[in-house]
Amino acid sequence: MEIGIIGAGAAAVGLLDALPPGTAEAVTVFDPAPLPWRGRPYQPDLDSVRVNVTPEISSIRFGDGGHYVRWLGERGAVHMDRLLGRPLVPRGVFGGYLEDTARAALTKFGRARVVRAAVTGFSAGERLTLTTADGRRHEVDRAVLCVGGGTPHDHYGLTGTPGFVPDPYPLERTLADVPADGDVAVLGSGLTAVDIVVSLAARGHTGRISLVSRSGALPYVWQRPREIELRHLTFERVRALTGPVTLDSLAGLMRAELADHGEDWDELAARIAADARTADTAGVLRRGVDEVDAPAVGRQILRITAHGLAPRVWRMLPGADRRLLRERHFRTVTGLASPMVPVNAAALLDLFASGQLEAVRGIRKIEPGCGPRGGFRLAHAAGERTADLVINAVNPPPHAIPRAAEPLVTALLAAGAALDPSGGLRTDPASGRLLVGGRPDPRVHVVGDLAGGGSFVTSGIPVVAAQAHLAAASLAR
Ligand SMILES: Cc1cc2nc3c(=O)[nH]c(=O)nc-3n(C[C@H](O)[C@H](O)[C@H](O)COP(=O)(O)OP(=O)(O)OC[C@H]3O[C@@H](n4cnc5c(N)ncnc54)[C@H](O)[C@@H]3O)c2cc1C
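Computed from a predicted model, the values in this text were never measured in an experiment.

How each quantity is defined
- Residues numbered from 1 in each chain as written.
- Predicted model: local features only at pLDDT ≥ 70, side-chain atom pairs only at ≥ 80, totals over all residues.
- Heavy atoms only, no water.
- Near = heavy atom within 4 Å.
- Polar contact = N/O pair within 3.5 Å; in protein donor to acceptor, adjacent residues only side chain to side chain.
- Areas by Shrake-Rupley, 256 points an atom, 1.4 Å probe, with all protein chains shown as cover.
- Nonpolar A, V, L, I, M, F, W, Y, C, P; charged D, E, K, R; others polar.
- Helix = DSSP H or I, 4+ residues; strand = E, 2+ residues; numbered from the N terminus.
- Buried < 20%, exposed > 50% of the residue type's maximum accessible area, 1.4 Å probe, protein only.
- Contact = heavy atoms within 4.5 Å.
- Salt bridge = Lys/Arg side-chain N within 4 Å of Asp/Glu carboxyl O.
- Phe/Tyr/Trp six-rings, centres within 6.5 Å; stacked < 30°, edge-to-face > 60°.
- Lys NZ or Arg CZ within 6 Å of the ring centre and 35° of its normal.

## Quick word on the site of the ligand
Neighbouring residues of the ligand: 28 residues in total, closest Ala11, Asp31, Tyr42, Asn52 and Ile461. Between Asn52 and the ligand, the recorded distance is 2.8 Å, taken from a backbone N or O atom to an oxygen atom. Residue Ala404 places a main-chain N or O atom 2.9 Å away from a nitrogen atom belonging to the ligand. Against a free-state accessible area of 990 Å², the protein chains account for coverage of 88% of the ligand. Counted by class, the shell around the ligand contains 18 nonpolar, seven polar and three charged residues.

## Overview of the side chain of Ser58
Position of Ser58 among the secondary structure elements: in the loop between β2 (26–30) and α2 (67–72). Given the relative accessible area of 5%, Ser58 is considered buried. There is a polar contact of 2.9 Å between the side chain of Ser58 and the backbone oxygen of Thr54. Discounting residues that sit within four places of it in the chain, Ser58 has contacts with Val53, Tyr68, Phe94, Tyr97 and Ile461.

## A closer look at the pattern of salt bridges
Across all of its chains, the model carries 23 salt bridges by this definition. Put simply, Asp183 and Arg208 hold a salt bridge, and the shortest N to O gap is 2.9 Å. Here Asp183 is found in the loop between α4 (171–174) and β11 (184–187), whereas its partner Arg208 is found in the loop between α5 (191–202) and β12 (209–212), with 25 residues between them in sequence. One salt-bridge network, in which partners are shared between bridges, spans Arg271, Asp275, Arg287, Glu291 and Arg299.

## With respect to the packing of aromatic side chains
Taken as a whole and judged by the stated rule, the model has six aromatic pairs. Aromatic side chains Tyr68 and Trp71 sit 6.3 Å apart centroid to centroid with 20° between the ring planes, which places their arrangement in the stacked category. Separated by three residues within a single helix, Tyr68 and Trp71 lie in helix α2, roughly one turn from each other. Classification of Trp71 as buried rests on a relative accessible area of 18%. Look at Tyr68 and Phe94: their rings are 4.9 Å apart centre to centre, the planes differ by 70°, and that puts the pair in the edge-to-face class. In this pair, Tyr68 is assigned in helix α2 and Phe94 in helix α3 (residues 91–106), connecting sequence segments 26 residues apart. The exposure class assigned to Phe94 is buried, which follows from its relative accessible area of 2%. Taking NZ or CZ as reference, Arg75 lies 3.7 Å from the ring centre of Trp71, over its face. A cation sits over an aromatic face here: Arg312 above Phe235, 4.0 Å from the ring centre.

Structural data, given as structure tokens:
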């Protein structure tokens, strides 16, 4: 059997690692990227572009939480986040872990090769035919889509405008031409925006930096991870609920869980709601830094639940509750689920304190060519401002179809696959098999964010590793 893997990021590495020896004689991995195995996030870049997650939950091998920690060994010591007490390495270093894991995994197969081209076509006959962008056809017996989430969206139609950076990574290249005294607007206020601001500061930027977004809210700050045993927010307790699974019934479990830990859910929920409304972005950040070591575990429980339980119960929620989360609370929940690392929070606080950094909320319009040096004019809730440069940090929503995979997805739809109403392709969650004509197709699997039907939080490494494990088990069957 020959397996064709489309995309060579973390999902592909997790899959190769999880495939039991003897499952396939040959694998062919397709990706146009110059450096395979790193995907979009883990390419070599500035040291200030760090992983956003602690080592204990960054293993690409499902069921072996120590796999990355062992690889990291002493390498982590020089990248210690002192506030968090954990090593947080540059993402390029994590890319080295993925690369080493992939190389070791490839030795399991009789033949393994990487084709440096995007897959743009698909057809199914006795075997599967994958067509690459150069027009070549490759026959395989199984195909696994590991195409990731793609590049930022250009909401303001600025691509091609001088001074607009449509995709910030690698920051080593995109920030190289930014004048140190330039007036920079960073579009977005999520983790990518944080990467950009921290990296500008690390390069000695002296000009004004504006974080420009609709909400003005930054992600929360990581707290020192603690051992927390969940007794109420478990899948078993959700299944045992009498009546439908709704946001209200889940809030009941949350209330009980927090009460067991001596905390009050209603108090925490009210504080989170106030944080989402306030214009005092720096104040919320300061409190986050102050609370890194606080004994309260409510936010940690929310983070753990967002990545562990939420993807499992997402499909059980009524459509109205899912819409409410996606449309009204997306920013808040992603900020809780994927907090920023304290070392970055401290750097941002310094910039806020000196007045160099501002958070601008309620962005309405961006027009090119209107500033004193060309530049841009930005209309926002409280007025207008100008900027010399605009750097895009608006990542696509979870389950978006990456531009590089659009022709392939079109071909899959023509072959009987279907789009999930909330994004991505419809798959069988138990096996990762693509639904073709409404039935799981054992020949085509999806690993990563293109698998539709999951929650609206972008999959981090642990979720990708779990999906890869399921797909590998399905392929081995
Ligand atoms: C900037 C950023 C930082 C992140 N940091 C973290 C973190 O620190 N910790 C964490 O747990 N998660 C992090 N994440 C979440 C991240 O999505 C996952 O960790 C992981 O990278 C997902 O892996 P993937 O293989 O699904 O996608 P990707 O890593 O995006 O890889 C997909 C690959 O598919 C290729 N591809 C796309 N279309 C085609 C095609 N048609 N043919 C062939 N190849 C194709 C692309 O070139 C790419 O190399 C981050 C995400 C982003 C965007």
